[in-house]
Amino acid sequence: MMNKLPVFIDCDPGADDIIALLLGMNMPELDIVGISTLCGNVEAPKTYVNALKTVGVAGKNIPVYKGAETPMTRELYTAKDVHGNDGMAGLSDTIAAPDVSEEKEKAWDAIYREAKKYNGELTLVAVGPMTNVAIALAKYKELASLLKQIVIMGGSAAYGNVTPAAEFNIYVDPEAADVLFKSGANIVMFGLDVTEQAILLPEEIEKIGQMTSPQAKFCYSILKNTEDFYLSKGFAGNCMHDPCTVMYLAYPELFSGKKAGICVETKARITRGKTVCDMFTDVKFGFENALVMMDVNRDGFGEKIIEIMSRY
Ligand code: RIB
Ligand code: CA
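Throughout this document, residue positions are counted from 1 along each chain, in the order its sequence is written. All chains are assigned letters beginning at A, and all ligands numbers beginning at 1, according to the order in which they are written. Local features in a predicted model are, by the rule used here, given only for residues with pLDDT of at least 70; side-chain atom pairs are given and counted only at 80 or more, and totals for whole chains, interfaces and linings are based on all residues. Hydrogens and waters are ignored; side-chain quantities use all the structure's heavy atoms.

Peer 1: Go over the pattern of salt bridges, please, and point to the residues and values.
Peer 2: Oppositely charged side chains are able to pair whenever their charged atoms sit close together. In the sections that follow, a salt bridge refers to a side-chain nitrogen of Lys or Arg positioned within 4 Å of a carboxyl oxygen of Asp or Glu. On inspection of all chains with the given rule, the structure shows 15 salt bridges. The partner of Lys80 in a salt bridge is Glu43, with the nearest N and O atoms 2.5 Å apart. With Lys80 in helix H3 (residues 80-83) and Glu43 in the loop between strand E2 (30-37) and helix H2 (44-58), this pair connects stretches of sequence that are 37 residues apart. Its relative accessible area of 27% is what places Glu43 among the partly exposed residues. Residue Glu206 is joined to Lys224 by a salt bridge in which the shortest nitrogen-to-oxygen separation is 3.0 Å. Of this pair, Glu206 sits in helix H10 (residues 202-209) while Lys224 sits in helix H11 (residues 214-232), and the two are 18 residues apart along the sequence. Burial classification: accessible surface area is computed with a 1.4 Å probe over protein chains only, and a residue below 20% of its type maximum counts as buried, one above 50% as exposed, and the rest as partly exposed. Given a relative accessible area of 29%, Glu206 falls into the partly exposed group. Through salt bridges that share partners, Glu43, Lys46 and Lys80 make up one connected network. Helix and strand definitions follow DSSP, with helices as H or I runs of at least four residues and strands as E runs of at least two, each counted in order from the N terminus.

Peer 1: Please give an account of the packing of helix H1 (residues 15-24) against H11 that cites residues and values.
Peer 2: Following both chains from N to C, one finds H1 and H11 inclined at 155°, their axes separated by 10 Å at the closest point. In terms of orientation, H1 lies roughly antiparallel with respect to H11. Every pair of crossing elements has a handedness; the one defined by H1 and H11 is left-handed. Residue-level contacts link Ala15, Ile18, Ile19 and Leu22 of H1 to Gln215, Phe218, Cys219, Ile222, Leu223 and Thr226 of H11. Considered class by class, the residues forming the contact of H1 with H11 number eight nonpolar, two polar and no charged. Where helices are involved, their axes are fitted lines through C-alpha atoms of the stretch in contact, as for all axes, and angles between N-to-C directions lie from 0 to 180°. Orientation labels follow simple angle bins: below 35 degrees gives roughly parallel, above 145 gives roughly antiparallel, 65 to 115 gives roughly perpendicular, and whatever is left gives oblique. Left-handed describes a crossing whose near helix is turned anticlockwise from the far helix through less than a right angle; right-handed describes the clockwise counterpart. Contacts are assigned to residue pairs with any non-hydrogen atoms lying within 4.5 Å of each other. Three residue categories are used. Nonpolar comprises Ala, Val, Leu, Ile, Met, Phe, Trp, Tyr, Cys and Pro, charged comprises Asp, Glu, Lys and Arg, and polar comprises the others, including Gly.

Peer 1: An account of the coordination of the calcium ion (ligand 2) is requested, with residue identities and associated values reported.
Peer 2: A donor here means an N, O or S atom no more than 2.8 Å from the metal, or no more than 3.2 Å when the metal is Na, K or Ca. Since water is not included, a site may seem to lack partners. Note on the calcium ion (ligand 2): its protein donors are Asp12 (OD), Asp17 (OD), Asp17 (OD), Val127 (O) and Asp242 (OD). The metal-donor distances range over 2.2 to 2.7 Å. Sequence positions of the residues that donate to the calcium ion (ligand 2) give the spacing D-x4-D-x109-V-x114-D. Here the residue Asp17 occupies a position in helix H1, and Val127 occupies one in the loop between strand E4 (123-126) and helix H5 (131-139), the gap between them amounting to 110 residues. You can call Asp17 buried: its relative accessible area is 0%. Take Val127: its relative accessible area is 2%, and that puts it in the buried class.

Peer 1: Let's hear about the sheet that holds E2: which residues, and what values?
Peer 2: Following DSSP output, two strands are said to pair if at least two bridges run between them. Judged by pairing direction, the sheet is mixed, and its eight strands sit side by side in the order E3-E2-E1-E4-E5-E6-E12-E9 without closing on themselves. Edge strands, defined here as strands with exactly one partner in the open sheet, are strand E3 (64-66) and strand E9 (255-260). Recorded for the sheet is a direction-independent mean angle of 25° between the axes of neighbouring strands. Looking at chain direction, E4 and strand E5 (residues 149-153) are connected through four bridges and run parallel. Bridge pairing links Ala126 to Ile152 in E5.

Peer 1: Which residues make up the environment of Leu137, and what are the values?
Peer 2: Assignment of secondary structure puts Leu137 in helix H5. The spacing of Leu137 and Ser310 is 173 residues in sequence and 37 Å in space, taken between C-alpha atoms. Leu137 has contacts with Leu143, Ala144, Val179, Leu180 and Ser183, leaving out every residue within four places of it along the chain.

Peer 1: Account for the environment of Ala144, with residues named and values stated.
Peer 2: Within the secondary structure, Ala144 is located in helix H6 (residues 143-146). Every residue in contact with Ala144, bar those within four places of it in the chain, is listed here: Leu137, Ser183, Gly184 and Ala185.

Peer 1: Could you give an account of unusual backbone geometry, with specific residues and numbers?
Peer 2: Of note, the phi angle at Ala89 is positive, near 60°, even though the residue is not glycine. Relative to the elements of secondary structure, Ala89 occurs in the loop between H3 and helix H4 (107-118). One non-glycine residue, Asn119, adopts positive backbone phi at about 40°. Relative to the assigned elements, Asn119 resides in the loop between H4 and E4. The exposure class assigned to Asn119 is exposed, which follows from its relative accessible area of 58%.

Structural measurements only, silent on function.
Here's what the structure looks like:
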């Protein structure tokens, strides 16, 4: 009998967040014990509803907890050009919200409660801005050591996608990311270096389109409604940024990376939100606070995503 890995996912759905949730909820290797949401790709009320609806489509009974409605100190910067005004690639009105009562516990309190319950075995996945994570780490000093690991989609060793310097999740709340990288937690970082390699090709998307389950149809619609954005940027297909995290937890052999030092720029204007990485420099920070993932077996990644979606 396989020991399932207990996982808590913090997200800002968001098209690729939704794909990550659909995949993670259909992996026998993982036990998704909770989901929390926050502002990011779109405003917090929408990301919350999108997570609820995605759990409903998957036919699961996983609690969804509300989190931050703004970054810690800055104005919210959204990504509606990628994810649509509804954050669900224009599909939100076509997906019914499940009839579940609203969880009153806030995201950061739920993360801590579950971390204590699993006593060192819980993995926190964070695929939106790091605001909920930072609040949890600041409120509960022992949280960093209580978690098995924090696996994030965010940053990069080299470049950005909001500015030449900064990736979206870090750009939106640099101060929160700074708290995370200084926390001492066991961090695995999926930055753009690897997530922009983790492409789902048009022909692979069409294989999902041939599947008949409601979950696969939902996944296909999300992918098709965002495909033009990625193709217009010169990618060979859809960048599966957030899915890299759950795919790593279940199939780590698909990825490779190196420990490195990461510091977050919070003061500058031009390089706001840059994750400065010492992987490629002879001058080092003197600490290695993250496992920075750099490569993916792209064909194996694509094949596995199709196989997981076919299981619904
Ligand atoms: O830069 C990509 C990240 O920003 C992904 O998490 C996407 O969902 C957006 O939040
Ligand atoms: Ca996201």
